[in-house]
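# Breakdown of the fold
Below are the chains, spelled out letter by letter.
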Amino acid sequence: MTERLADISQVLEAARSASRILSTVTTQQKNRALGAVAAAIEDRSDEILQANAEDVARAQAEGMDEGLVDRLALNAQRLAGIADAVREVASLADPVGTIVRGAMTETGLRIRQVRVPMGVVGMIYEARPNVTIDAASLALKSGNAIVLRGGSAAEASNKVIIEVMRDALTSVDLPPDTVQSVDQWGRAGARALMHARGGIDVLIPRGGAGLIRTVVEEARVPVIETGTGNCHVYVHEDADLAQAEKIILNSKAQRVGVCNAAETLLVHRAVAEKFLASALLRLTTAGVRIHGDAQTLQYASDPSIDSAMLEEATEEDWAREYLSMDLAVRVVDDLDQAIEHIRTYSTGHTEAICTRSLAAANRFSREVDAAAIAVNASTRFTDGGQLGLGAEIGISTQKLHARGPMGLEELTSTMWIIEGDGHIRS
């Protein structure tokens, strides 16, 4: 055990050394490195996909949930999209060195608050090999070294991906220890990151509620909490019902194993019968199982709806992040009841309202406490790429330092530079 901790300590020391070098390199050098990473992902895609196929086959044999398998799986199209995302990060403005604010005092002191890298970022996440590349790319562009714990489900994929990225960094004369993993030490590696005060400057967990809770409760280093996504779509009485139907179908079924997928549909009583008669048919035809309250099930009257796709909702359904083709549905009396339901069960990720009423949209936006509010738009837009941040390292549901999708700026801190000419304080 002592030898294992010593080995992990060497990883952290190497990351610290790499971070010091990165803090001095130019934007052009970082962009060149990102270009090399993107090219290497494409050139060695066969290796990555072969390793990923091993992970997926093992996950399926072990009975992993369908939504989690979807998160784990890579294919040629997804890998090409990941390489494009790395190039997009290279195209983004470098936050390091940006002056946040500045002033000159009456005595002639020149004061600037400047963005600087965090230093060493730790990340613990589950079954998401794309996160390995996204996180490392963002860390590199923002001048940080990163130490990753990607979980056993994606172990083969991540091993190859990290090797590819380290080789790419070496090819452009940047330290390969910019990107490292503690996967080989399993849970001990994760625990070491949580306890590495002085070795890790910030730790970001990304995964299920259990993982995030463990990191938040056990960590001795600063943590940026990325929350689970029990996201709601509320259809107001003034909604364009045809538009709302498209929004809930996209929010739920476009990709289910992600934190910005909708898990609960709330419908105003005044339009419930008309809306649900059509929407439930479309949802169940798309393969979505409905967990509805009594009123919802009453409106599922179309004989084309497969009764096997309908069941009565329980209290647990309102609080669940399904990450599967399941949707909780409730009829509410009014906007007040919708907001109260969301306050009770929301995880603070993304909440959506469908309405043509500006007053209702404004009230929903003011009174619902979430990292993102969508008005007449799918919950699936809460994503760094969709919001113009490039790749994201996670979606923060906390309120300190960063909230919502975290891009380059969220991986920096600030430094005060005070310039004088022999100034002393009286």
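Residues numbered from 1 in each chain as written. Predicted model: local features only at pLDDT ≥ 70, side-chain atom pairs only at ≥ 80, totals over all residues. Heavy atoms only, no water.

Along its length, the protein carries 15 helices and 16 strands. Relative to its length of 426 residues, the protein is compact, with a C-alpha radius of gyration of 24 Å against a globular reference of 22 Å. Summarising its shape, the C-alpha atoms of the protein cover approximately 75 × 60 × 40 Å along the three principal directions. The contacts of the protein with a sequence gap of at least 6 include a subset with a gap of at least 24, amounting to 73%. By element, 48% of the accessible surface of the protein is carried by carbon and sulfur atoms, the whole surface being about 18800 Å². One way to put it: in the protein the 42 positive side-chain charges average out to a point 5 Å from where the 58 negative ones average out. (Helix = DSSP H or I, 4+ residues; strand = E, 2+ residues; numbered from the N terminus. Rg over C-alpha atoms; globule rule 2.2 N^0.38 Å. Contact = heavy atoms within 4.5 Å. Areas by Shrake-Rupley, 256 points an atom, 1.4 Å probe, with all protein chains shown as cover. Lys, Arg positive; Asp, Glu negative; His and termini not counted. Charge placed at Lys NZ, Arg CZ, Asp CG, Glu CD.)

A few words now on the pattern of salt bridges. Summed over all chains, the structure comprises 26 salt bridges. One salt bridge connects arginine 16 with aspartate 201, and the closest N-O pair in it is separated by 2.7 Å. Within this pair, whereas arginine 16 is found in helix α1 (residues 2–22), its partner aspartate 201 is found in the loop between α8 (186–195) and β6 (202–206), the two being separated by 185 residues in sequence. Here arginine 206 ties to glutamate 392 by a salt bridge, and the two come within 3.7 Å at their closest N and O atoms. (Salt bridge = Lys/Arg side-chain N within 4 Å of Asp/Glu carboxyl O.)

So, on to the nonpolar core. With 50 residues, the main nonpolar core has Ile41, Ile146 and Ile393 as its most contacted residues. Ranked by the residues each element gives to this core, the list is headed by helix α7 (residues 155–171), at eight residues. Those residues in contact with isoleucine 41 that lie beyond four places of it in its chain are Ile48, Leu79, Ile82, Ala83, Val86, Ile133 and Val164. Phe275, Leu283, Val331 and Ala374 belong to the second largest nonpolar core, which has 31 residues in total. (Core = buried A, V, L, I, M, F, W, Y, C linked by side-chain atoms within 4.5 Å. Buried < 20%, exposed > 50% of the residue type's maximum accessible area, 1.4 Å probe, protein only.)

On to the environment of serine 137, then. Note on placement: serine 137 falls in helix α6 (residues 129–141). Counting along the chain gives 104 residues from serine 137 to alanine 33, while the straight-line C-alpha distance between them is 9.3 Å.

Moving on, we come to the sheet that holds strand β16 (residues 412–419). Reading across from one edge, β1-β2-β16 is the order of the three strands in this open sheet, with antiparallel pairing throughout. The sheet terminates laterally at β1 (99–104) and β16, the two strands that pair on one side only. Shown here is a sheet whose adjacent strand axes are inclined to one another by a mean of 20°, direction ignored. (Pairing = 2+ DSSP bridges. Axes fitted to C-alpha atoms, helices over the stretch in contact; angles between N-to-C directions.)

This part takes up the UniProt feature "domain: Aldehyde dehydrogenase" (unreviewed entry) in the protein. Mapped onto the present numbering, the UniProt feature "domain: Aldehyde dehydrogenase" (unreviewed entry) falls at residues 6–286. In this annotation, residues 6–286 is assigned 55% helix and 16% strand; the end-to-end C-alpha distance for the span is 52 Å. (UniProt positions renumbered as here; feature names shortened; annotations may be inferred.)

Structurally, leucine 411 is set in the loop between β15 (404–405) and β16. We classify leucine 411 as buried; its relative accessible area is 1%. The spacing of leucine 411 and leucine 140 is 271 residues in sequence and 10 Å in space, taken between C-alpha atoms. With residues near it in sequence (within four places) discarded, leucine 411 still touches Pro117, Met118, Val121, Leu138, Ala139, Ser142, Asn144, Ile204 and Ile393.

Moving on to the sheet that holds strand β10 (residues 310–312). With parallel pairing, the seven strands of this open sheet are ordered in space as β10-β9-β11-β8-β7-β12-β13. Strands with a single pairing partner mark the edges of an open sheet, and in this sheet they are β10 and β13 (372–375). Taken over all neighbouring pairs, the strand axes of this sheet differ in orientation by 20° on average, direction set aside. Relative to strand β8 (residues 262–268), strand β7 (residues 231–235) runs parallel, the two sharing five bridges. Within the sheet, the bridge partner assigned to cysteine 231 lies in β8 and is alanine 262.

It is at 8 Å that the axes of helix α2 (residues 27–43) and α7 come closest, and there the two elements cross at 135°. Classified by the angle between their axes, α2 and α7 sit oblique to one another. Crossing handedness for the pair α2 and α7: right-handed. Side by side, α2 and α7 meet where Ala33, Ala36, Val37, Ala40 and Ile41 of the first sit next to Val164, Met165, Ala168, Leu169 and Ser171 of the second. When grouped by side-chain class, the residues that make up the contact of α2 with α7 number nine nonpolar, one polar and no charged. (Parallel < 35°, antiparallel > 145°, perpendicular 65-115°, else oblique. Left-handed = near helix turned anticlockwise from the far one by under 90°. Nonpolar A, V, L, I, M, F, W, Y, C, P; charged D, E, K, R; others polar.)

Assignment of secondary structure puts serine 324 in the loop between α13 (315–319) and β11 (326–332). Residue serine 324 is classed as buried on the basis of its relative accessible area of 12%. Looking at serine 324, its side chain comes within polar contact range of the side chain of aspartate 326, at 2.7 Å. The contact partners of serine 324, leaving out residues within four places of it in the chain, are Lys252 and Val256. (Polar contact = N/O pair within 3.5 Å; in protein donor to acceptor, adjacent residues only side chain to side chain.)

Take helix α5 (residues 76–91) next. The terminal C-alpha atoms of α5 lie 23 Å apart, and with 16 residues this matches the ideal 22 Å at 1.5 Å per residue to within 8%. Elements that come into contact with the buried residues of α5 comprise α2, α3 (45–61) and α6. By the N-cap criterion, in which a side-chain oxygen at the helix start approaches the backbone nitrogen of a residue two or three places on, α5 is capped by asparagine 75, the distance to glutamine 77 being 3.1 Å. (Expected span 1.5 Å × (residues − 1).)

Where α2 contacts α6, the two axes come as close as 9 Å, and the packing angle between them is 160°. Relative to α6, the element α2 lies roughly antiparallel. Considering how the two elements wind past one another, α2 and α6 form a crossing that is right-handed. For the pair formed by α2 and α6, the contact residues are Thr27, Lys30, Asn31, Ala33, Leu34 and Ile41 on the first element and Ile133, Ser137, Leu140 and Lys141 on the second. Its residues assigned to classes, the contact of α2 with α6 shows five nonpolar, three polar and two charged.

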